[in-house]
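Fold and contact review
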Amino acid sequence: MPATPTPLLDTPGLPAGPADIRLIVTDMDGTLLDDDKRIPDGLWPMLAELRRRGVLFSPASGRQYATLAEQFAEVAEGMVFIAENGTYVVRDGVELSSDTMDRAAAAGVARTVRRLVAGGVDAGAVVCGKRAAYVERTDEAFLAEVRKYYAVHRIVEDVTAVEDDVIKVALFDFGSAENSTAPALAEFTATHQVVVSGEHWVDVMNHTANKGTALRGLQRALGITPAQTMVFGDYFNDLEMLDAAEWSFAMAGAHPEVVRRARHLAPSNNDNGVLRTIAHVLGISV
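Now for a description of the structure that goes with this document. (Residues numbered from 1 in each chain as written. Predicted model: local features only at pLDDT ≥ 70, side-chain atom pairs only at ≥ 80, totals over all residues. Heavy atoms only, no water.)

**Some details on the sheet that holds strand 4 (residues 80–83)**
The strand order 4-5-6 describes an open sheet built from three strands, whose pairing is antiparallel. Among the strands making up the open sheet, the edge pair consists of strand 4 and strand 6 (94–98). On average, each strand axis in the sheet is inclined to that of its neighbour by 20°, with strand direction left out of account. In the packing of helix 7 (residues 211–222) onto the sheet, the strands contacted are strand 4, strand 5 (88–91) and strand 6, and the crossing angle to strand 4 comes to about 155°. (Pairing = 2+ DSSP bridges. Helix = DSSP H or I, 4+ residues; strand = E, 2+ residues; numbered from the N terminus. Axes fitted to C-alpha atoms, helices over the stretch in contact; angles between N-to-C directions. Contact = heavy atoms within 4.5 Å.)

This is the structure we're talking about:
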């Protein structure tokens, strides 16, 4: 894999189309969505054309399954959703795979967040279950951020006592998640993975859980190879997913580590980079 990916339009050997792509997997925030969190208008006719060609399109996100299903409600039939950073994979309402977290460990993370908050850190925990996401903070500023990613969420008195299959614990930090919250969770790295998934978000999951593991399981189930897979990402939680596809694209403006890990560089999320790249590689007129 090259140390530095080459820009899409200057990549030697990158065909104008069509390539034999059977599966397209894209991150959402910072990748498919623009900085205002909008799905590009051109996605809907693109999805219709991909479906006509027999190409499966799969959103892969730290977002909740219910949120993704809501965003793609009109085209969700047959679509595979890699939700919660790969810990929960669903197609047509049926679970394909999941990686549940020990409740005691999840409770430990939540208690650590409580201590951070007591020490002055402006943060909050979201305990993510299969049925809903659970929070203790009730202020509108925090809940507004939660609603962006967790359509089904519940305010509870104690997130350590929820009765659900926990798949991850997400932490929202109004400051820098990479510099503040993530280092405070170092004690969990021996038993779990602590992943900075955005400027303000950190996810704690099982070591076995990531978008790449979920993608490889999906490839095996569908008989699709890495050579037939196209992937787009921009942040740390996309790294393993990029490794699972020969057609791996970092978005322009992605975190430098993501740019180093990908084979190619796509235009930015604000320049309709995902759709432009798909059109270029598959020979679709847009």
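Past the structure itself, the notes keep going.
**A few points about the pairing of strand 11 (residues 192–196)**
Within strand 11, four of the five residues are buried, which leaves it mostly tucked inside the rest of the structure. Two elements, strand 11 and strand 12 (residues 201–206), share five bridges in a ladder whose sense is antiparallel. Each bridged residue has a counterpart across the sheet, and for Val196 the counterpart in strand 12 is Val202. Hairpin remark: strand 11 followed by strand 12, antiparallel, with four residues in the connecting loop. (Buried < 20%, exposed > 50% of the residue type's maximum accessible area, 1.4 Å probe, protein only.)

**So, the sheet that holds strand 9 (residues 153–155)**
With mixed pairing, six strands are arranged side by side in an open sheet as 9-8-7-10-12-11. This sheet does not close on itself; its edge strands, each paired only once, are strand 9 and strand 11. Here the average twist between neighbouring strands, direction ignored, is 25°. Contacts between helix 5 (residues 140–149) and the sheet are confined to strand 7 (123–129), strand 8 (133–135), strand 9, strand 10 (166–173) and strand 12, with strand 7 contributing the most and set at about 30° to the helix.

**What about the packing of aromatic side chains?**
Any pair of aromatic rings gets described here by the distance separating the centres and the angle formed by the planes. This model, assessed by the stated rule, comprises 11 aromatic pairs. On the numbers, 5.9 Å between centres and 65° between planes, the contact of Trp44 with Phe72 is edge-to-face. Taken together, the positions of Trp44 in helix 2 (residues 43–53) and Phe72 in the loop between helix 3 (65–71) and strand 4 put the pair 28 residues apart, joining distant regions of the chain. Classification of Trp44 as partly exposed rests on a relative accessible area of 33%. Relative to Trp201, the ring of Phe172 has its centre 5.0 Å away and its plane inclined at 65°; by these criteria the two rings are edge-to-face. In this pair, Phe172 is assigned in strand 10 and Trp201 in strand 12, connecting sequence segments 29 residues apart. Each member of the pair Phe172 and Trp201 is classed as buried. Taken together, Trp44, Phe57, Tyr65, Phe72, Phe81 and Tyr88 form an aromatic cluster joined through their ring pairs. (Phe/Tyr/Trp six-rings, centres within 6.5 Å; stacked < 30°, edge-to-face > 60°.)

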